[in-house]
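The chain contents come next:
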Amino acid sequence: MTTWIALLRAVNVAGHAPIKMADLRDLAAELGFAEPRTLLQSGNLVFEGKGGAEALERTLEEALAQRLDLHTEVFVRSAVDWAGAIAGNPFREEAKSDPSHLVLLPLKQAPKAAAVTALQAGIVGREQVRTDGRHAYISYPDGIGRSKLTMAVIEKKLGTSGTGRNWNTVLKLAALVGG
């Protein structure tokens, strides 16, 4: 079996899309996934299972909707893919000096190079964006909350959806899968 990380999009944020992590673990167990465990309250699930990432995403999205009435996207990466995303981080200094303002954004599809260039050209602050396949890395040196580089802007420019985790959470998930 493969170790997987599943990230639920936009749950438990300001009362939006509430889900208890115990319910998420129970759902994963009901789906036949082994050793389900969660991290924080933001929809981070680690489990052992068979199948491919896209099939697991669909399975989890459908089960969340049907069993918990939670309609959200799920982004699944293997532990190996997660380690690769960490190794591919282009903002190594920011990861050390300001990890809470460095975000890894798993994406549903890899964006086209022209879309990435358009996003980078449209940045009005000091934020920086780099992509590598189905991952985007965003440095928010002045903070995330007041930045004009929002998820809506990012997704519109890149033409795909994503969900973000700050670098501290990225590393905690890696530790949880033994990375």
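Quick caveat: nothing in here was measured; it's all calculated off a predicted structure.

To continue, consider the pairing of strand β2 (residues 34-39). Note that β2 and strand β3 (residues 44-49) share 4 bridges and pair antiparallel. The residue bridging Arg37 from the neighbouring strand is Val46, located in β3. Hairpin connection from β2 to β3: 4 residues lie between these consecutive antiparallel strands, with Leu40 at a positive phi of about 60°.

Looking now at the side chain of Thr72. As for its placement among the helices and strands, Thr72 is situated in the loop between α2 (53-68) and β4 (74-78). With relative accessibility at 14%, the residue Thr72 sits in the buried group. At a separation of 2.4 Å, a polar atom in the side chain of Thr72 contacts the main-chain carbonyl oxygen of Arg9. In contact with Thr72, other than residues within four places in its own chain, are Leu8, Arg9, Val11, Glu61 and Leu64.

Membership of the largest hydrophobic core comes to 21 residues, with the highest contact counts inside it found for Leu8, Ile19, Phe47, Leu60, Leu64 and Val76. Those elements that place two or more of their residues in this core are β1 (2-8), α1 (21-30), β3, α2 and β4. No other element matches the 5 residues that α2 contributes to this core. Sequence-distant contacts of Leu8, defined by excluding residues within four places in its chain, comprise Ile19, Leu24, Ser42, Gly43, Leu64, Leu70, Thr72, Glu73, Val74, Thr163 and Arg165. Counting 19 residues, the second-largest nonpolar core is a separate cluster that includes Phe75, Ala79, Trp82 and Leu104.

We now examine the packing of helix α5 (residues 113-121) against helix α6 (residues 151-158). Relative orientation of the contacting elements α5 and α6 amounts to 145°, with a least axis distance of 8 Å. Across the interface between the two elements, Ala115, Val116, Ala118 and Leu119 of α5 pack against Val153, Ile154, Lys157 and Leu158 of α6. Counted by class, the contact of α5 with α6 contains 7 nonpolar, no polar and 1 charged residues.

Taken as a whole, helix α7 (residues 167-176) has its buried residues at Trp167, Thr169, Val170, Leu173 and Ala174. Projected onto a plane normal to the axis of α7, the buried residues spread over an arc of 160° and lie on a single side. Of the residues that open α7, the one with a side-chain oxygen 2.9 Å from the backbone nitrogen of Asn168 is Asn166. The first or second residue beyond α7 is Gly178, which carries a positive phi of 85°.

What counts, and at which threshold
Residues numbered from 1 in each chain as written. Predicted model: local features only at pLDDT ≥ 70, side-chain atom pairs only at ≥ 80, totals over all residues. Heavy atoms only, no water. Pairing = 2+ DSSP bridges. Helix = DSSP H or I, 4+ residues; strand = E, 2+ residues; numbered from the N terminus. Buried < 20%, exposed > 50% of the residue type's maximum accessible area, 1.4 Å probe, protein only. Polar contact = N/O pair within 3.5 Å; in protein donor to acceptor, adjacent residues only side chain to side chain. Contact = heavy atoms within 4.5 Å. Core = buried A, V, L, I, M, F, W, Y, C linked by side-chain atoms within 4.5 Å. Axes fitted to C-alpha atoms, helices over the stretch in contact; angles between N-to-C directions. Nonpolar A, V, L, I, M, F, W, Y, C, P; charged D, E, K, R; others polar. Arc of directions from axis to C-beta.

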